[in-house]
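Here is what each chain is made of, one letter per residue.
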Amino acid sequence: MAVRRPLIALIAAALLFGPASAAVAAPPDPAERGPAAASPRGQSDTEMPFGVGPGQRGRSADAPGRKPSQPAATAKLPGKPRNDVIVDVPVELTDASIPLNLIPYHDIPAALRNLQRSNRISVEVIGQSVLGRDLHLVVATAPMSDAQWKTWQQLSDLRINDPHAAQAKLAAGAYANWRTPLFVNNNIHGNEWEGTDASLQILQDLAFSTDPAIVDMLNKHVFAFVVTNNPDGRVAATRANANGFDMNRDFITASQPEVRAVRAQLVRYSPLTMLDIHGYVNCTLIEPTTGPHGDNYEYDLYIKHALRNALSMERAVLATGETRASCVNSDGTRRNDIPFRDRTQGWDDWPPIFTPMYAMYHGAIGHTIEVPLNPRGNLTVAERHERTRINTAVAAATIRGNFEYATQNREELLANQLEWFRRGVDGEPTRPIDDPLAISLARGDNLKTHLQDFARAYVIPAGKDQRSATAAARLVQFMLDNDLEVQRASRPFKLGGTHYEAGTYVVDMRQAKRGLASTLLGVGRDVTNDFNAMYDISAWSHGHLWGATVQQVDGNVKLDDKALRPVTEARATGSVPPGKQSHYGLVVDSVAGIQAVNKLLNDGVRLSRTADGTFVVPGDVAVVRQVAEAYGVEFIRMTPPQVRNTTGVSKTRLGVAANGGEIFALQQMGFQPISVTHTAFNNGILSFADFDAFFVSTTAFNPLSLNATQAAAFNQWLADGGTIVGRGSSGKQFNDRAGLLDVTIAAGRSDANGIVKVVNDPASPITGNALPTAFVDAPQYFTRVGDGVRVDQRLAAEGFFLAGHWGGQEAAAGHAVVVSGVAKGANVTLFGTEPLFRAHPEGLYPQVAAALWW
Ligand SMILES: [Zn+2]
């Protein structure tokens, strides 16, 4: 089925379709993409298909600063105003899709233009990949006038803004003709291709079929398809994107542009169902999952439809007659793999890092689909093509099965979603599973849920004297980007007996998507004893790991409506003390603070540090004002005694032997890390004289593998006061091989991870100002610390494990997790924690920066 045409055919097709012809075969030009490409958060514009409607809920289309993502794209196509012009991209003969007989990325634009011939279709560019490839959203529905779209959008928004009113309208029949949004995401893992091909097949039918059943569906739904969420990975046959991120672990962090682009569409539609199509699991895997189930979902509402929808998809897959796509039961019948029904553990929905689990927080019945047959590796051409043919047919069957279920149960699904949101605004606790089918089919402990009674509110202080107002603004903006409601105090107020300053943020948990607010701001739970095996991580928390102060308010307290105003945008403005100062101080307690210091150092400003780690900036008020404004950081007054005994700091020339996530995090902070290996030093490609510091968390840089000349150079570099930061077991191994700090390390279970309570040494330049929490993954802790080694941070002696999964955690209580010291003349810091893990725990970044600047 692959749409593979020679270039000449592409040109011919483009000529047929008119406006796109001007751009045929033009190389991608970043300037063509317009202002959105430079958007700091990578947010795409969110105009409605066919051009009408305010887009993102609660934010009007004329919000300041929002510009069309593609100026050229607003040109009118016949019958489809503002349907984007899809330009061609250069043919890449090395596209990994080609030998699989699947559609290469360079053939997608022509396929989309062909779909655009239908007045049921709009195609939008919703963002760009790391390497600049366009991400496409195709929306299919029966044609609507601008006025009809406006009504559609109003009823869509009402679900979240006022679920009670929406329920009343549903009962009165006002939603009878409202088209429910259904969402399909494809190819987020670049080397799991077939969802894209299947979706293009389905779209062909949705665009052109006259089959009454399909026409009926088009009148009942708005179908939204992300054609490929990872075009760079599709072309290169990599699971990750070009930054090395597994994006199906990034949805709750949204560090990657491809994730932010799709997140904005999930926010825009709050779809009723959501499929995320992957591969490759024998028998074809269709969620719902095993336990533990996320505490913040309305799981009883979810499972009722998730299970029935899965059974509908299973029937559709079995109906394909592809025997290699299913397994045989003992009675000779066939089945797919539905983990809730067929497994006891290890395929859970606990962390909302996964795309469908994240979508559940927007009210979707979310499913991961795993098509069955791995086409990678050493196969004959015929077998490879047969596998991708079957996988494509299976993916298409699941999409059809899902759409059929949603069509047959349209009003029930909508009522279910409104009930989900209503519980949020009414502040009700979650409920146990009461569905007879789920009760009868659940395997093992998969029926168990942990009932959640939500906080009344979360308070995020952001007044003048608060720890990191910058981090507070960052967190609030992140919540707004996730469609959450946040308020801000216009004057001082009281809540739960505590006084707060003006400027304080308040998250009223009585809101439709409170489950998402809870999972972002709460700490989570220790699930070690719930299930033995977890699929991926078991803890995350923006409230506890992002650096802002977040306070939970429980009980039935009343919020001060007069003091609180809804927030539509949060940005720290930064500040500079008035008057002429000889020096300014900067306390680095946020990513923005690190970025500000690196900006000043890169610009050649001479900085120094006080003993407590405060940066001292010479009194050029213009420079300081500019940085305060650009990064939203607060400069403070420094008295003459405070600036007397400071140490000079210069730009850090940083070498790294680290994973992709860590390198990305270091770049986020404004460092310019260069990957190093012992081989590159031995070959003379790299020289120790070109580095000030090394961050080591892999074995790519082994000091014992340096030749005699380079070993001597390395020892001289250490003696000259170099800086080493080691992380994890490989960092400790580097330390031992280089003969640095005298410490003994112990390892927790390799699959353990979570949020830990820590005690910091207030005198430490690395952790003196650090958060009281940290993140561990495959935890390492120091059981013996030799002479001259400082313990910067240790696990709390009691109750240190706040959330996550760590069998055998007791052995680590009270032990050191960050240590430092001077060895062979070098400043050495070792982390047993994971301060840069997948670019998530931003509030821990300042510890790494401090260690590098030490
Ligand atoms: Zn996958």
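Details of the structure are given in the entry above.
These remarks concern the structure in this document.

Thresholds, definitions, all that
- Residues numbered from 1 in each chain as written.
- Predicted model: local features only at pLDDT ≥ 70, side-chain atom pairs only at ≥ 80, totals over all residues.
- Heavy atoms only, no water.
- Helix = DSSP H or I, 4+ residues; strand = E, 2+ residues; numbered from the N terminus.
- Buried < 20%, exposed > 50% of the residue type's maximum accessible area, 1.4 Å probe, protein only.
- Areas by Shrake-Rupley, 256 points an atom, 1.4 Å probe, with all protein chains shown as cover.
- Phe/Tyr/Trp six-rings, centres within 6.5 Å; stacked < 30°, edge-to-face > 60°.
- Lys NZ or Arg CZ within 6 Å of the ring centre and 35° of its normal.
- Expected span 1.5 Å × (residues − 1).
- Disulfide = S-S within 2.5 Å.
- 1 Å grid on protein atoms, 1.4 Å probe; cavity = no way out; pocket = protein on both sides within 12 Å on 5 of 7 lines; lining within 4 Å.
- Points joined across faces, edges and corners; volume = space filled by probe spheres on them.
- Nonpolar A, V, L, I, M, F, W, Y, C, P; charged D, E, K, R; others polar.
- Donors = N, O, S within 2.8 Å, 3.2 Å for Na, K, Ca; no water.
- Axes fitted to C-alpha atoms, helices over the stretch in contact; angles between N-to-C directions.
- Left-handed = near helix turned anticlockwise from the far one by under 90°.
- Contact = heavy atoms within 4.5 Å.
- Pairing = 2+ DSSP bridges.

Quick notes on the overall build of the protein
Here is step 1 of the chain: In terms of regular secondary structure, the protein is built from 24 helices and 33 strands.
Here is step 2 of the chain: For the protein, the residues scored as buried account for 61% of the 854 residues in total.
Here is step 3 of the chain: With the model as given, the accessible surface of the protein reaches about 30,700 Å², and the carbon-plus-sulfur share is 51%.

Considering the packing of aromatic side chains
Here is step 1 of the chain: The full count for this structure, using the stated rule, is 38 aromatic pairs.
Here is step 2 of the chain: A centroid spacing of 4.8 Å and a plane angle of 50 degrees characterise the contact between Phe-694 and Trp-717, whose relative ring orientation is tilted. In this pair, Phe-694 sits in strand E24 (residues 693-696) while Trp-717 sits in helix H22 (residues 708-719), placing the two residues 23 residues apart along the sequence. This pair shows no difference in class: Phe-694 is buried, exactly as Trp-717 is.
Here is step 3 of the chain: An aromatic cluster of three or more residues is present, and its members are Phe-681, Phe-688, Phe-691, Phe-694, Phe-701, Phe-714, Trp-717 and Phe-734.
Here is step 4 of the chain: Positioned over the ring face of Tyr-105 is Arg-133, at 5.9 Å from the centre of the ring.
Here is step 5 of the chain: Above the plane of the ring of Trp-854 lies Arg-790, whose end atom (NZ or CZ) is 5.4 Å from the centre.

Things to note about helix H13 (residues 410-426)
Here is step 1 of the chain: Between the first and last C-alpha of H13 there are 24 Å, a value that for 17 residues agrees with the 24 Å anticipated at 1.5 Å per step.
Here is step 2 of the chain: Considered for burial, the residues of H13 that qualify are Arg-410, Leu-413, Leu-414, Asn-416, Gln-417, Leu-418, Glu-419, Trp-420, Phe-421, Arg-422, Arg-423 and Gly-424.
Here is step 3 of the chain: Phi turns positive one or two residues past the end of H13, at Gly-427, with a value near 65 degrees.

Observations concerning the state of the cysteines
Here is step 1 of the chain: In the structure shown here, the tally under the stated rule is one disulfide.
Here is step 2 of the chain: What pairs with Cys-283 in a disulfide is Cys-327, and their sulfur atoms sit 1.7 Å apart. In this structure the cystine formed by Cys-283 and Cys-327 twists about its S-S bond by roughly -60 degrees; its chirality is therefore left-handed. Taken together, the residues span a long stretch of sequence, with Cys-283 in the loop between strand E5 (273-279) and strand E6 (285-286) and Cys-327 in strand E7 (residues 327-328) at a distance of 44 residues. Assigned by exposure class, Cys-283 and Cys-327 land together as buried.

Notes on empty space enclosed by the protein
Here is step 1 of the chain: Scanning the entire structure with this criterion turns up six cavities of 30 Å³ or more.
Here is step 2 of the chain: If you add up the space inside the second largest cavity, you get close to 60 Å³.
Here is step 3 of the chain: Looking at the second largest cavity, the residues that line it are Arg-249, Ile-252, Thr-253, Ile-353, Ile-537, Ala-539, Trp-540, Phe-775, Phe-837, Arg-838 and His-840.
Here is step 4 of the chain: Here the lining of the second largest cavity is built from residues that sort into seven nonpolar, two polar and two charged.

Regarding the coordination of the zinc ion
Here is step 1 of the chain: At the metal site, the zinc ion is ligated by His-189 (ND1), Glu-192 (OE) and His-278 (ND1), and these contacts range over 2.0 Å.
Here is step 2 of the chain: Read in sequence order, the donor residues for the zinc ion give the motif H-x2-E-x85-H. With a gap of 86 residues between them, Glu-192 in the loop between strand E3 (180-186) and helix H5 (194-208) and His-278 in strand E5 connect regions that are remote in the sequence.
Here is step 3 of the chain: Given the relative accessible area of 5%, Glu-192 is considered buried.

Re the packing of helix H18 (residues 591-602) against helix H19 (residues 621-631)
Here is step 1 of the chain: Taken N-terminus to C-terminus, the directions of H18 and H19 make an angle of 145 degrees; their axes are 10 Å apart at the nearest point. In this structure, H18 meets H19 at a crossing whose hand is right-handed. Contacts between H18 and H19 involve Ala-592, Gln-595, Ala-596, Lys-599 and Leu-600 from the former and Val-623, Val-627 and Tyr-631 from the latter.
Here is step 2 of the chain: Its residues assigned to classes, the contact of H18 with H19 comprises six nonpolar, one polar and one charged.

Concerning the pairing of strand E27 (residues 753-760)
Here is step 1 of the chain: Summarising burial for E27: six of the eight residues are buried, a large majority.
Here is step 2 of the chain: Bridge count between E27 and strand E31 (residues 801-805): four bridges; the pairing is antiparallel. For Ile-755, the partnering residue across the bridge sits in E31 and is Ala-803.
Here is step 3 of the chain: The pairing of E27 with strand E30 (residues 790-795) spans three bridges and is antiparallel. Each bridged residue has a counterpart across the sheet, and for Asn-760 the counterpart in E30 is Gln-793.

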